[in-house]
2 protein chains.
Amino acid sequence: MAERLFYLPLGGAGEIGMNAYVYGYGAPGKERLILVDLGVTFGDMESSPGIDLIMPDVTWLEENRDRLEAIFITHGHEDHLGAIAHLWPRLGVPVYARKFTATLCRLKLEEVGLPTDTVKIVEPRPHVIEQGPFSVQFLPVSHSIPESAGLIIDTPAGRILHTGDLKLDETPVVGDPFEPAKWQEIANEGQGIKVMACDSTNVFATHPGRSETILAEPIRDWVTAQKNMVVATTFASNIARLRTLADAAIASGRKVCLLGRAMRRMVSVGLETGILTDFPETIGPDEAADLPRDKVMLIVTGSQGERRAASAQLSRGRYLGLSLKEGDSFLFSSKTIPGNERSVGRIMNALSELGVNVFDDKDGLYHVSGHANRPDIERIHDLMKPQIVVPMHGEHLHLREHVEIARSKGSIAEIVTNGTMLELTGDVPRVIDHVETGRLYLDGNTLIGAMDGIVRDRIRMALNGHALISVIVDEDDNVLPDAWVELMGLPARTRGGDDLPRHVETELAEFLETANRKTVADDKKLDEAIRKITRQVCMEEIGKKPEVTVIISRLTAE
Amino acid sequence: MAERLFYLPLGGAGEIGMNAYVYGYGAPGKERLILVDLGVTFGDMESSPGIDLIMPDVTWLEENRDRLEAIFITHGHEDHLGAIAHLWPRLGVPVYARKFTATLCRLKLEEVGLPTDTVKIVEPRPHVIEQGPFSVQFLPVSHSIPESAGLIIDTPAGRILHTGDLKLDETPVVGDPFEPAKWQEIANEGQGIKVMACDSTNVFATHPGRSETILAEPIRDWVTAQKNMVVATTFASNIARLRTLADAAIASGRKVCLLGRAMRRMVSVGLETGILTDFPETIGPDEAADLPRDKVMLIVTGSQGERRAASAQLSRGRYLGLSLKEGDSFLFSSKTIPGNERSVGRIMNALSELGVNVFDDKDGLYHVSGHANRPDIERIHDLMKPQIVVPMHGEHLHLREHVEIARSKGSIAEIVTNGTMLELTGDVPRVIDHVETGRLYLDGNTLIGAMDGIVRDRIRMALNGHALISVIVDEDDNVLPDAWVELMGLPARTRGGDDLPRHVETELAEFLETANRKTVADDKKLDEAIRKITRQVCMEEIGKKPEVTVIISRLTAE
């Protein structure tokens, strides 16, 4: 049977975050594989309480690891490389990335005691990495983190352009400018672009994307206009923004103090890799606290309202000896990611209560996006003229909209979501398989499956409360009638003012005294009966049915 | 001592939702009181799992109920009247509202078996309700629900204008148009406006608010352009919007089917009170299912992504015999309230997966807000020229911004948050007291305090999981070494593959065998020791410390 080329997203297709895309080439079932990106997404209280990180289930890849050649990481954002330390041991192949990204990768591996020499630093195009049937070049693109790359993947079946996350910024402050002529060249080489897998994040933004450069003046004007302490927050990995913020501080006679671990780490990686040049010297929090308030600017983590980040700490009062006061100013040089509105709002309001003047990007002055907007996406299509388009990195709505754009440009385009294996060899793409995918949750230090029921039980306890019943059955199969009831997350008193656990105990005692021996002898039956009574009594008394755990202890004759 | 006038928000000042504002007039400590609005806010998984409704803690008002004259409800939104059925029994005074609002109030009271004749229907200004020292007129205002009202409250200390929620719509489709001349008249009567308590919800929207009327054409055009089934969702209480949507359906030859309890209730109250005239006849879901798809429009509940509403049900597949298909169209004629983005996004994506074309207001064509935007707020200030402004119905940030506006107009303005008693008698407002306020949670059918620890425990169980330990101490104070461990919301296996509950049991058995008699004899000490070991073992094995409940059963010699 002829060899074939396929695309198989394991994460990122049908969601924003958790990017992981597989390409395969070879005889059916024996295709050699590469993986592009291995990112995480973040948990939330609504769907995954207690879970910090969520990553793609790579079981399929693990089962086929003898066919996996390498992992390529497009850029250093957590949703593209955050799972590397957790999942690399299951895959065990070399990881290729540009220097800045590779440095971040190595730090992650180092933290968990994994070897870092597995991460190879790659020069951008025209340098080529050959892996099995794949020849891969890193194409510098502009984004909101330095040294982002698209991948040009040449295969016997044709050229794939995997854009990664990107915007078309010709003056990005830090990092690689968008150069249309270079893109043109790539489109014109050989047979041109057979397949383009393209970022869909901002497909609903109808105005052309704006350059990082345009922020310098408004941010400088803003800092200069403030009379007391100035604080700004943004993503730590947005090195260009840090640069813009720091430059504004210096221009208005302020010293810069970085707060938050990620902030200090990113600046140090930026300096170490030579990305960040001329960054002003920074001061520590002690020194910042000693300076007059109008001589300092804090650049801090926590633009998304993260509870433990510097922004949140400052909004609650003191942090590392620094505290905000009436008349200070706080800038969110960032966009609130959908879903984080409440957390960010909480911090803004807490700052407002301290008397701090809060500024954000609502007038479009203090932030630009790192993703291609709709007109930029159209420009990419026009430049690259791909035969086939597979929109990636987007929710279903985004992928759908992107497919419409591609079709209007004359490309063949399909919505492909996680787990769908799409053959790209012929003129028309074709679904050839569906692979089991899913999500892994990092819980404490343990990876659990999203469908294991563990998180479902947590959600149920959170919604319904938890009633614990302990009963003891003696040597002669008599239940001691004093069942013990503990409630957690439930009202202690009924509407009528009764003690709820004692009330449940009374009702259980009544049942246990008369329960038939068959029920008592059978753990499962006894458990069910007790559970049912407990839920009924609670429903009657407080109008809700709790989760119930019954512990039956059987005494044995010694 | 001289009589005085005060303002005391119990809810709504420092938050959007849960409105409840007290005004007092009389000798200090003996002021007669009125309450304006008694609303709810909605719980969320992050801060109040398992809680459907949140309402203001009215303990202070209950303690002073002999001084309370009446409750005035400005309009029928849940955040202004939703707590009436739950809290009225604690207050027991007459409730005044305009007919539409009063009808909704009575339905709520009726549902829980409370007398409905406590709700008095009020005609708008010039009709005056005299209650103690207060003379109150209902001033019709436009908003996103019919018969909204501001209150003109005349007191011996001067005139208060309590705007309620409002917009300045001169052509509101349904309900009362904004008539500047009437407002002018109110400002010019007597001494003019002493105090204006004014809606702050949209203070950050910088463009002038738009009229409901402008939606008719785009919505009609949209419906006409759709080829298959059409569905639209909006707030059921937005009767004007229902009218606009239904008119569009009829204009394009479709019949209207209302789905969702709130939708049917609102339309029936609208018809009953004479608010809704010429509403087309509607059909039931059976009839809708039998008609050709291009002859039907469903108008459905669930614009905020509510899990059990019609929108969510339709996005999951069938609902009442109706199901959506490839090529159908779904319009969110609504704005997503901050915090609901994820829920709404989930439904939109689920619809997209069904092949449904999803439309929303991102281009500003299919929704207008019910609140005054910043230029409208400025216009209100200019018209009413209040001496003192207390911004209400807003988060701290909103109140702060609104104070700036008021001051720029020459008014005296203060940020007043829930629990702050502000005297308004003199020329300058003055804080005279702080009253304990807070939130009550409706949990099942029971009202619990937000600070009772119940919800805190639920959140902890959701984040950390719950370990239950049962130990038995025999008649001679020996602990039976086989402690029983049940885990809920925790992984069953350690990273190393061990059975986690058995592992905890082993560790506990080791401790119990050697535990000293003092510890064993003391419930509290034994509980603490077991809890500590359990948490330690879990931390070592899975990297997290669960919540622990220990049940100690002591056998007594019979």
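In the annotation of an unreviewed UniProt entry, the entry for chain A reads Ribonuclease J, and the organism field reads Paracoccus onubensis.

Asker: Even after reading the chapter, I still don't get the packing of aromatic side chains, so can you show me in this structure?
Answerer: Tallying each qualifying case throughout the model produces 18 aromatic pairs over all chains. Judged by centre distance (5.6 Å) and plane angle (65°), the rings of A:Phe178 and A:Trp183 are edge-to-face. The pair formed by A:Phe178 and A:Trp183 is uniform in burial state, with each residue classed as buried. With a centroid separation of 5.1 Å and 35° between ring planes, the pair formed by B:Phe330 and B:Phe332 is classed as tilted. Across the pair, exposure class does not vary: B:Phe330 and B:Phe332 are buried alike. Among the aromatic residues, those joined into a ring-pair cluster are A:Tyr7, A:Tyr21 and A:Tyr23. When the ring centre of B:Phe204 is taken as reference, the NZ or CZ atom of A:Lys362 above it lies at 4.6 Å. Against the face of B:Trp484 rests B:Arg502, its NZ or CZ located 5.2 Å from the ring centre.

Asker: Got a minute to help me understand the packing of helix α3 (residues 84-91) of chain A against helix α4 (residues 99-111) of chain A in this structure?
Answerer: For any two helices packed against each other, the geometry is given by the interaxial angle and the distance between the axes. Residue and element names in this part refer to chain A. Interhelical geometry of α3 versus α4 gives an angle of 80° and a closest axis separation of 9 Å. Considered as vectors, α3 and α4 are oriented roughly perpendicular to each other. Facing α3, whose interface residues are Ile-84, Ala-85 and Trp-88, α4 presents Cys-105, Lys-108 and Leu-109. Of the residues contributing to the contact of α3 with α4, the split by class is 5 nonpolar, no polar and 1 charged.

Asker: Can you help me understand the nonpolar core in this one?
Answerer: Soluble globular proteins: nonpolar side chains tend toward being buried together. Counting 67 residues, the largest nonpolar core has A:Val22, A:Leu35, A:Leu38, A:Trp60, A:Leu61, A:Ile71 and A:Ile299 as its most contacted members. With 7 residues, helix α7 (residues 239-251) of chain A is the single largest residue contributor to this core. A domain-level breakdown of this core finds at least three residues from each of domain 1 (4-207 + 369-449) and domain 2 (213-359) of chain A. With sequence-adjacent residues up to four places away left out, A:Trp60 is seen in contact with A:Phe6, A:Leu8, A:Val22, A:Leu33, A:Arg67, A:Met421 and A:Val435. B:Leu61, B:Ala102, B:Ile239 and B:Ala240 belong to the second-largest nonpolar core, a separate cluster that totals 66 residues.

Asker: Please explain the domain arrangement of chain A as it appears in this structure.
Answerer: How large an interface is tends to be reported as the accessible area lost when its parts come together. All names here are of chain A. Domain parsing of chain A yields domain 1 (4-207 + 369-449), domain 2 (213-359) and domain 3 (465-554). Just the C-alpha atoms count here: the centres of domain 1 and domain 2 sit 31 Å apart. Listed by partner, the interface residues are 16 residues for domain 1 and 16 residues for domain 2. The largest per-residue losses of area from domain 1 upon contact with domain 2 belong to Phe-100, Val-173 and Val-174, which jointly make up 34% of the total buried on that side. Taken together, domain 1 and domain 2 are joined by 2 salt bridges. Joining domain 1 to domain 2, the criterion identifies 4 residue pairs in polar contact (both at pLDDT 80 or more).

Asker: Quick question: what am I supposed to make of the interface of chain B and chain A here?
Answerer: With 63 residues of chain B at the contact, the number on the chain A side is 63 residues. Taken as a group, B:Met45, B:Arg342 and B:Met488 account for 12% of the area that chain B buries against chain A, more than any other trio of residues on that side. In this structure, A:Lys544 and B:Asp443 form a salt bridge, with 2.5 Å as the shortest nitrogen-oxygen distance. Here chain B and chain A share 29 residue pairs in polar contact (both at pLDDT 80 or more) between them. Looking at the side of chain B that touches chain A element by element, the count peaks at 8 residues for helix α11 (residues 341-353) of chain B. A per-class count over the side of chain B that touches chain A returns 25 nonpolar, 19 polar and 19 charged.

Asker: Please clarify how the pairing of strand β1 (residues 4-11) of chain A should be interpreted in this entry.
Answerer: Remark: a regular strand shows side chains that alternate across the two faces of the sheet. All names here are of chain A. Burial analysis of β1 places 8 of its 8 residues in the buried class, which makes it a mostly covered element. Of the strand pairs in this sheet, β1 and strand β3 (residues 20-26) are connected by 7 bridges, and their pairing is antiparallel. Note on β3: the bridge partner recorded for Pro-9 is Tyr-21. Bridge count between β1 and strand β26 (residues 420-423): 2 bridges; the pairing is antiparallel. From the neighbouring strand, Phe-6 faces β26, where its bridge partner is Glu-423.

Asker: Just checking my understanding: could you explain the pattern of salt bridges for this structure?
Answerer: Two side chains bearing opposite charge may form a pair once their charged atoms approach each other closely. As enumerated under the stated definition, the model contains 70 salt bridges over all chains in all. The closest approach of N and O atoms between B:Lys409 and B:Glu378, which form a salt bridge, is 3.7 Å. A residue pair is termed long-range when its members are at least 10 positions apart, and B:Lys409 in the loop between α13 (396-408) and β25 (412-413) and B:Glu378 in helix α12 (residues 374-384) qualify at 31 residues. Within the structure, one salt-bridge network assembled from shared partners comprises A:Arg125, A:Asp154, A:Arg159, A:Glu185 and A:Glu189.

Asker: For this particular structure, what's the right way to read the packing of α12(B) against α13(B)?
Answerer: All names here are of chain B. Packing of α12 against α13 brings their axes to within 10 Å, and their N-to-C directions diverge by 45°. Looking at the two axes, α12 sits oblique to α13. Of the two elements, α12 crosses α13, and the hand of that crossing is right-handed. Together, Arg-374, Ile-377, Glu-378 and His-381 of α12 and Glu-401, His-402, Ile-405 and Ala-406 of α13 make up the contact between the two elements. Considered class by class, the residues forming the contact of α12 with α13 number 3 nonpolar, 2 polar and 3 charged.

Asker: In this structure, what is going on with the sheet that holds strand β29 (residues 446-449) of chain A? I would like to understand it.
Answerer: By definition, the strands of a sheet pair up through backbone hydrogen bonds, in either a parallel or an antiparallel sense. All names here are of chain A. What the 4 strands build is an open sheet, ordered β5-β6-β28-β29; its pairing is antiparallel. Every interior strand has two partners, whereas the edge strands, β5 (41-42) and β29, have only one. With 4 bridges connecting them, strand β28 (residues 439-443) and β29 associate as antiparallel partners. Note that in β29 the partner of Leu-440 across the bridge is Gly-449.

Asker: Would you explain the relation of the copies chain B and chain A in this entry?
Answerer: Think of it as a corkscrew move, a rotation about one axis and a shift along it, taking one chain copy to the other. Of the transformation superimposing chain B on chain A, the axial component is 0.0 Å and the angular component is 180°, with the fit at an RMSD of 0.0 Å. Such a turn and shift between the copies fits a two-fold axis. The C-alpha atom lying nearest the rotation axis in chain B is that of B:Ala462; the distance is 2.7 Å. A share of 100% of interface residues in chain B that are also interface residues in chain A marks the association as one of identical surfaces.

Parameters at a glance
Residues numbered from 1 in each chain as written. Chains lettered and ligands numbered in written order. Predicted model: local features only at pLDDT ≥ 70, side-chain atom pairs only at ≥ 80, totals over all residues. Heavy atoms only, no water. Phe/Tyr/Trp six-rings, centres within 6.5 Å; stacked < 30°, edge-to-face > 60°. Buried < 20%, exposed > 50% of the residue type's maximum accessible area, 1.4 Å probe, protein only. Lys NZ or Arg CZ within 6 Å of the ring centre and 35° of its normal. Axes fitted to C-alpha atoms, helices over the stretch in contact; angles between N-to-C directions. Helix = DSSP H or I, 4+ residues; strand = E, 2+ residues; numbered from the N terminus. Parallel < 35°, antiparallel > 145°, perpendicular 65-115°, else oblique. Contact = heavy atoms within 4.5 Å. Nonpolar A, V, L, I, M, F, W, Y, C, P; charged D, E, K, R; others polar. Core = buried A, V, L, I, M, F, W, Y, C linked by side-chain atoms within 4.5 Å. Domains from an automatic or database assignment. Buried area = accessible area lost by both parts, 1.4 Å probe. Salt bridge = Lys/Arg side-chain N within 4 Å of Asp/Glu carboxyl O. Polar contact = N/O pair within 3.5 Å; in protein donor to acceptor, adjacent residues only side chain to side chain. Pairing = 2+ DSSP bridges. Left-handed = near helix turned anticlockwise from the far one by under 90°. Least-squares fit on C-alpha atoms with pLDDT ≥ 70 in both.

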